Amino acid sequence: MKNRLSRIINPKTGHTVMLAVDHGYFQGPTSGLERPGEVITPLLPWADAVMLTRGVLRNTIDATISNPVVLRVSGGTSILKDDLSNEDITTSMRDAVRLNAAAVALSIFVGAPNEKQTLVNLARLVDEGEEYGMPVLAVTAVGRDMVRDARYLGLASRIAAELGASMVKTYYCENFGKVVEGCPVPIVIAGGKKIPEPEALKLAYNAIQEGAVGVDMGRNIFQSEDPIAMIQAVRSIVQEGYTPDEALELFNSLKGKKK
Ligand code: 5RP
């Protein structure tokens, strides 16, 4: 378990840049990810880990990649349904091990109609993970009518840790330090909807300053006007201590260059 986690969170820096490209599991061909292999592969040199489903991994990613894989193993619903919380475990632990996953990821929906089902899913996944030394990343999914504040995200993150998650993925919010303080396992933040690059870089910077171990960022990288420049700029903040201004300068200097 510790060895797997150390492949995701760099033990030298204590930080990680995870590339989240699992959106299709309920959104289908998400904008920017229509041809996943072509988008993901050039970004991998700057990703400490890649978070995706087994379908995209098997069919579009070269089996020889060295990046640790965080395998999305929950699903069962789609954006056509009003209630996205009706998720179950969709991939067996055996298959996750066979695919050489470094961790498995599942969403919990605290406060949503299927709160209990998703929390029990998490607890079961942790039990199975313990048998194989497989860490579980719990994603605190936020329903449409939930407020993304420190009270709610702190509650959801703490519950995830209490049920045995090895890592939590949540959203950045005001007083994010409170969320980190109440959660005894490492936290990474999602980027959320696409925002201008300077704002996304500031978001990553603030999250690290306030105690996140890193980012698990998707749309703000692959929907960027230059995804390869953007992942390097995000990495400069998370792994090299750049300020948002320095990272933006890096982004601008790399943007549009022939790859
Ligand atoms: C959905 C997920 C996604 O992978 C993640 O939230 C997407 O990252 P981003 O918000 O940065 O696009 O876990 O529940």
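Refer to the structure presented above.
As the structure is a prediction and not an experimental result, all values here were calculated from the model.

Colleague: Is there a simple way to think about the sheet that holds strand β3 (residues 69–72) in this case?
Modeller: As a general point, the strands of a sheet are linked pairwise by backbone hydrogen bonds and lie either parallel or antiparallel. Pairing is parallel around the closed barrel formed by 8 strands, whose spatial order is β1-β2-β3-β6-β7-β8-β9-β10. For this sheet, the mean angle separating the axes of adjacent strands, direction not counted, is 25 degrees. The pairing of strand β6 (residues 103–108) with strand β7 (residues 136–140) spans 5 bridges and is classified as parallel. Looking across to β7, one finds that L106 is bridged to A138. Here helix α9 (residues 197–209) sits on the sheet and contacts β9 (187–190) and β10 (214–217); the angle it forms with β10, its principal contact strand, is near 140 degrees. Helix α11 (residues 227–240) contacts β1 (16–20) and β10 of the sheet and is inclined by roughly 150 degrees relative to β1.

Colleague: Teacher, can you tell me more about the site of the ligand here?
Modeller: Neighbouring residues of the ligand: 16 residues in total, closest D22, H23, G192, G218 and R219. At 3.0 Å, a side-chain N or O of R72 approaches an oxygen atom of the ligand. Between the ligand and the protein, one listed contact pairs an oxygen atom with a side-chain N or O atom of K169 at 3.2 Å. For the ligand, the accessible surface in isolation is 370 Å², of which the surrounding protein chains cover 94%.

Colleague: Is there a simple way to explain the packing of aromatic side chains in this structure?
Modeller: Between two aromatic rings, the relevant description is the distance of the centres plus the angle of the planes. Taken as a whole and assessed by the stated rule, the structure comprises 2 aromatic pairs. Taking 5.0 Å as the distance between ring centres and 65 degrees as the angle between the ring planes, the aromatic pair formed by Y25 and F26 counts as edge-to-face. Both residues of the pair, Y25 and F26, belong to the buried class. A ring pair is formed by Y172 and F176, whose centres lie 5.2 Å apart and whose planes are at 45 degrees; its orientation type is tilted. On the basis of relative accessibility, which here comes to 21%, the residue Y172 falls in the partly exposed class. Residue classification places F176 among the buried positions, given a relative accessible area of 0%. R148 extends its terminal NZ or CZ atom over the ring of Y171, reaching a point 3.9 Å from the ring centre.

Colleague: Please explain the state of the cysteines as it appears in this structure.
Modeller: Among covalent bonds in proteins, the disulfide is the one between the sulfur atoms of two cysteines. Applying the stated criterion across every chain, the model contains 0 disulfides. You can see C173 has no disulfide; the closest cysteine sulfur is in C183, sitting 12 Å from it.

Parameters at a glance
- Residues numbered from 1 in each chain as written.
- Predicted model: local features only at pLDDT ≥ 70, side-chain atom pairs only at ≥ 80, totals over all residues.
- Heavy atoms only, no water.
- Pairing = 2+ DSSP bridges.
- Helix = DSSP H or I, 4+ residues; strand = E, 2+ residues; numbered from the N terminus.
- Axes fitted to C-alpha atoms, helices over the stretch in contact; angles between N-to-C directions.
- Contact = heavy atoms within 4.5 Å.
- Near = heavy atom within 4 Å.
- Polar contact = N/O pair within 3.5 Å; in protein donor to acceptor, adjacent residues only side chain to side chain.
- Areas by Shrake-Rupley, 256 points an atom, 1.4 Å probe, with all protein chains shown as cover.
- Phe/Tyr/Trp six-rings, centres within 6.5 Å; stacked < 30°, edge-to-face > 60°.
- Buried < 20%, exposed > 50% of the residue type's maximum accessible area, 1.4 Å probe, protein only.
- Lys NZ or Arg CZ within 6 Å of the ring centre and 35° of its normal.
- Disulfide = S-S within 2.5 Å.

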